[in-house]
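# Results of the structural survey
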Amino acid sequence: MELSINSSRQNLASPEKETIRGFFEGIASRYDWINNFLSFRLDELWRREAVRLILGETGKDESILDLGVGTGKFLKEFVQTRSWQMVVGADFAGEMLGRARRQLPPSCMLVQADIHDLPFEDGAFDLVVSSFTLRSVKDIPHFFGEVRRVLRPRGRVAFLCLTRPTRLIARMVYAPYLKFYLPLAGGLLSREPEAYRFLSESIQTFIEPREIADELQRSGLKSPSIFPFTFGISTLILAHK
Ligand SMILES: C[S@@+](CC[C@H](N)C(=O)[O-])C[C@H]1O[C@@H](n2cnc3c(N)ncnc32)[C@H](O)[C@@H]1O
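Residues numbered from 1 in each chain as written. Predicted model: local features only at pLDDT ≥ 70, side-chain atom pairs only at ≥ 80, totals over all residues.

A large share of strand β2 (residues 86-91) lies buried, amounting to five of its six residues. When strand β1 (residues 63-67) meets β2, the two strands line up parallel, connected through five bridges. Across the sheet, residue Ser 63 finds its bridge partner in β2, namely Met 86. In the classification by handedness, the crossover that spans β1, the intervening helix α4 (residues 73-81) and the parallel β2 is right-handed. Judged from the four bridges that link them, β2 and strand β3 (residues 109-112) form a sheet pairing that is parallel. In the sheet register, Gly 89 faces β3, and the bridge partner there is Leu 110. In this region the chain leaves β2, passes through helix α5 (residues 94-103) and returns to the parallel neighbour β3; the handedness of that crossover is right-handed. (Buried ≥ 20, exposed ≤ 12 C-beta atoms within 10 Å, placed from the backbone. Helix = DSSP H or I, 4+ residues; strand = E, 2+ residues; numbered from the N terminus. Pairing = 2+ DSSP bridges. Right-handed = clockwise from strand over helix to strand, strands pointing away.)

In structure tokens:
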């Protein structure tokens, strides 16, 4: 299958996005092991469980796009689980893409682009996925519109997000981890304290999974379903065009 890239859609202009991009460029070399350390390896479990749920739904998808592919960990799970005709990962951080290149097969296409403005044709993909990236998105309605545009009719979308637990007791245990441990340990290990302050604050303030589902519906994506993992610390949200 051929994929043509519309380069006029590549726009990395917003200074706020540039700040976020700077965080990821700065932590790329340590990103995977710090994630494993800070999440006690739960991030690996969540990605695997998400892939099982996503691919369990249907066996027919042939093309997949991962938005905010990072070092390629999520996309690699899909590639290892089954064969695809077209595999594409997009990210604006060159350092992250460099790492993804090393862990993904050469047939995977990696594109440096801002995911707010996707450089792909309408209806190019059967499945669009993204893990732990939605919090970085500045304009969610516009972004979901772009996701919908690049999906084929009945194509599916899956977002794996870091969220806040719903039960009071879990919230009480998680709050100090999120507010103090995460920015402190992440900042020390990465030597990029701003990046881990952003991580902590964006999880604390991000919209709830139900609101993400409502936003997906407003963007014309249908039947959203929500799967909380580990008391809701992480959540998978699925929908289709
Ligand atoms: C938290 S990391 C997640 C990486 C990977 N999906 C994973 O599971 O580990 C978020 C990624 O999204 C990318 N990202 C954030 N905002 C972006 C944007 N506006 N355009 C393109 N990539 C973006 C970052 O560069 C980073 O690689």
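Where helix α2 (residues 31-38) meets helix α7 (residues 168-190), the axes come as close as 11 Å, and the angle between the chain directions of the two elements is 150°. As judged from the angle between their axes, α2 and α7 are roughly antiparallel. α2 and α7 meet at a crossing whose hand is right-handed. Across the interface between the two elements, Ile 34, Phe 37 and Leu 38 from α2 touch Leu 182, Ala 185, Gly 186, Leu 189 and Ser 190 from α7. The class makeup of the residues in the contact of α2 with α7 is six nonpolar, two polar and no charged. (Axes fitted to C-alpha atoms, helices over the stretch in contact; angles between N-to-C directions. Parallel < 35°, antiparallel > 145°, perpendicular 65-115°, else oblique. Left-handed = near helix turned anticlockwise from the far one by under 90°. Contact = placed C-beta atoms within 7 Å. Nonpolar A, V, L, I, M, F, W, Y, C, P; charged D, E, K, R; others polar.)

So, about the site of the ligand. Phe 24, Gly 68, Gly 70, Ala 93 and Ser 136 are the nearest of the 19 residues found near the ligand. Sort the elements by how many residues they give to the shell around the ligand and helix α1 (residues 15-27) lands first, with three residues. A per-class count over the shell around the ligand returns nine nonpolar, six polar and four charged. (Near = placed C-beta within 6 Å.)

Remember that the coordinates give geometry; whether it matters functionally is a separate question.
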